[in-house]
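Breakdown of the fold
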2 protein chains.
Amino acid sequence: MPDLQPTFRALADPTRRDILHLLGGGDMTIAQVTDHFDMTRAAVKKHLTVLEQGNLIRVRPQGREVLNSLNAAALSPIRDWIGFFDQFWDTHLDALKNAIENKDLTHE
Amino acid sequence: MPDLQPTFRALADPTRRDILHLLGGGDMTIAQVTDHFDMTRAAVKKHLTVLEQGNLIRVRPQGREVLNSLNAAALSPIRDWIGFFDQFWDTHLDALKNAIENKDLTHE
DNA sequence: TTAATGTGATACCTTTTGGTATCCTATGAG
DNA sequence: CTCATAGGATACCAAAAGGTATCACATTAA
């Protein structure tokens, strides 16, 4: 089981989530990604580094350029983590259970 | 469609994710949650506030105490966001596609 | 009523984060 | 070869994050 922290961390920023969507459309160089945002290449590069640390993208040098590609598989452990909480879905049974346990049977 | 940012933000901290697991075992006061961590009540309270902003817990005063309860439903939009990327699962077709496009047909 | 207890709120500190500007290196086009 | 161009690396900055200590307030126990 991988360390989820770098991935959760990478997902916590809206720009980075946008980048993932962008890369869904195809591999991109850093310059190409930067064209879609109102910030410098250096800032985008930092986001890409965080995404790589979270295993969410693959970085592949191609001559002078560097292609960044989506690695959607990294989302699988995140989904699994969320899955643990499926058992806690509130079907309003909790509220009923609490009412009974608290013996709060007053009518208003 | 709710704003996912507060929820993603709340999930980005390991202590907060631990708190969610804790609350899966039942509602807890701030003091009870604090007992499980090596930090002050004030710090835990801050984490609980962030979790509440992310809609991941419900906070309910009960006399002098305050009960915190898990709201697993808040994870649903997150799961949906992740679901968008299902179409990008790498079945090694991407690698093949790139190889063809690049006409990189050298053997080794 | 008085004291203990559970919580809220604030000020403060340090580290991390998201961003810029700048300079350096490497590759590819003419 | 020369030089424009894609990136890497670093220093720097302001704001946010995670934590503590402290004090004030409300509720409950004695």
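For the structure, see preceding data.
Because the structure is a prediction, the values reported are computed rather than measured.

Thresholds applied
Residues numbered from 1 in each chain as written. Chains lettered and ligands numbered in written order. Predicted model: local features only at pLDDT ≥ 70, side-chain atom pairs only at ≥ 80, totals over all residues. Heavy atoms only, no water. Least-squares fit on C-alpha atoms with pLDDT ≥ 70 in both. Contact = heavy atoms within 4.5 Å. Pairing = 2+ DSSP bridges. Helix = DSSP H or I, 4+ residues; strand = E, 2+ residues; numbered from the N terminus. Buried area = accessible area lost by both parts, 1.4 Å probe. Salt bridge = Lys/Arg side-chain N within 4 Å of Asp/Glu carboxyl O. Polar contact = N/O pair within 3.5 Å; in protein donor to acceptor, adjacent residues only side chain to side chain. Phe/Tyr/Trp six-rings, centres within 6.5 Å; stacked < 30°, edge-to-face > 60°. Buried < 20%, exposed > 50% of the residue type's maximum accessible area, 1.4 Å probe, protein only. Near = heavy atom within 4 Å. Axes fitted to C-alpha atoms, helices over the stretch in contact; angles between N-to-C directions. Core = buried A, V, L, I, M, F, W, Y, C linked by side-chain atoms within 4.5 Å.

Points about the relation of the copies chain A and chain B
With an RMSD of 0.0 Å, the operation that places chain A on chain B is a rotation of 180° combined with a shift of 0.0 Å along the axis. Such a combination of turn and shift is consistent with a two-fold rotation axis. If distances are taken from each C-alpha of chain A to the rotation axis, the shortest is found for Ala12 of chain A, at 3.0 Å. Comparing contact sets, 100% of the residues at the interface of chain A also lie at the interface in chain B, consistent with an isologous, same-surface contact.

Overview of the pairing of strand β3 (residues 65-70) of chain B
All names here are of chain B. Here 2 bridges tie strand β1 (residues 28-29) to β3, and the two strands are oriented antiparallel to one another. When the bridges of β3 are listed, Met28 appears paired with Asn68. Direction of pairing for strand β2 (residues 57-62) relative to β3: antiparallel, over a ladder of 6 bridges. When the sheet's bridge partners are listed, Arg58 is paired in β3 with Ser69. Where β2 folds back onto β3 in an antiparallel hairpin, the turn is made up of 2 residues, including Gly63, whose phi is positive at roughly 65°.

A look at the interface of chain A and chain B
A common way to report how large an interface is uses the accessible area buried once the components associate. Each partner contributes residues to the interface: chain A has 31 residues there, and chain B has 31 residues. Note on chain A versus chain B: buried area summed over both sides is about 2,800 Å², and carbon and sulfur give 66% of it. Considering only the surface of chain A that becomes buried against chain B, Arg79, Trp81 and Ile82 of chain A emerge as the three largest contributors, covering 20% of it. Joining chain A to chain B, the criterion identifies 2 salt bridges. Across the salt bridge formed by Arg79 of chain A and Asp86 of chain B, the nearest N and O atoms sit 2.4 Å from each other. In this assembly, chain A and chain B are joined by 6 residue pairs in polar contact (both at pLDDT 80 or more).

A look at the packing of aromatic side chains
As enumerated under the stated definition, the model contains 10 aromatic pairs over all chains in all. Pairing Phe84 of chain A with Phe88 of chain A gives two aromatic rings, centres 5.8 Å apart and planes at 65°, and the pair type is edge-to-face. The exposure class assigned to Phe84 of chain A is partly exposed, which follows from its relative accessible area of 36%. Ring centres of Trp81 of chain B and Phe85 of chain B lie 4.9 Å apart, and the angle between their planes is 55°; this geometry places the pair in the tilted category.

Focus: the protein's contact with DNA strand D
Not every one of the 19 residues close to DNA strand D is listed here, only the nearest: Thr29 and Ala31 of chain A together with Thr40, Lys46 and His47 of chain B. Val66 of chain A has a polar backbone atom sitting 3.4 Å from a phosphate oxygen of DNA strand D. Interatomic distance of 2.2 Å between a side-chain N/O atom of His47 of chain B and a phosphate oxygen of DNA strand D. Every element with two or more residues in the surface near DNA strand D is listed here: α3 (30-35), α4 (41-53) and β3 (65-70) of chain A together with α4 (41-53) of chain B.

Re the side chain of Thr7 of chain A
On the secondary structure map, Thr7 of chain A appears in helix α1 (residues 5-11). With near-sequence residues (within four places) excluded, Thr7 of chain A lies in contact with Gly54, Leu56, Ala74 and Ile78 of chain A.

A look at helix α2 (residues 14-24) of chain B
An α-helix turns once every 3.6 residues. As a result, residues three or four positions apart point the same way. All names here are of chain B. Summarising burial for α2: 8 of the 11 residues are buried, a large majority. Listed in full, the buried residues belonging to α2 are Thr15, Arg16, Arg17, Ile19, Leu20, Leu22, Leu23 and Gly24. With its phi angle positive at about 140°, Gly26 sits one or two positions after the end of α2.

Comments concerning the environment of Pro6 of chain A
Tracing the chain through its elements places Pro6 of chain A in helix α1. Contact partners of Pro6 of chain A, with chain neighbours within four places excluded, come to Gln53 and Gly54 of chain A.

With respect to the sheet that holds β2 of chain B
Residues and elements named next belong to chain B. Spatial ordering of the open sheet is given by β1-β3-β2, a layout of 3 strands whose pairing is antiparallel. Looking at the sheet topology across the chains shown, the edges are occupied by β1 and β2. Contacting β1, β2 and β3, α2 runs over the sheet at an angle of about 95° to β3.

Focus: the nonpolar core
The nonpolar side chains of soluble globular proteins are, as a tendency, buried together. If you look at the biggest cluster of nonpolar residues, it comprises 54 residues, and the most contacted ones within it are Leu20 and Trp81 of chain A together with Leu20 and Trp81 of chain B. If we skip the residues at most four places from it in the chain, Trp81 of chain A touches Leu4 and Phe8 of chain A together with Leu11, Arg17, Leu20, His21 and Leu75 of chain B.

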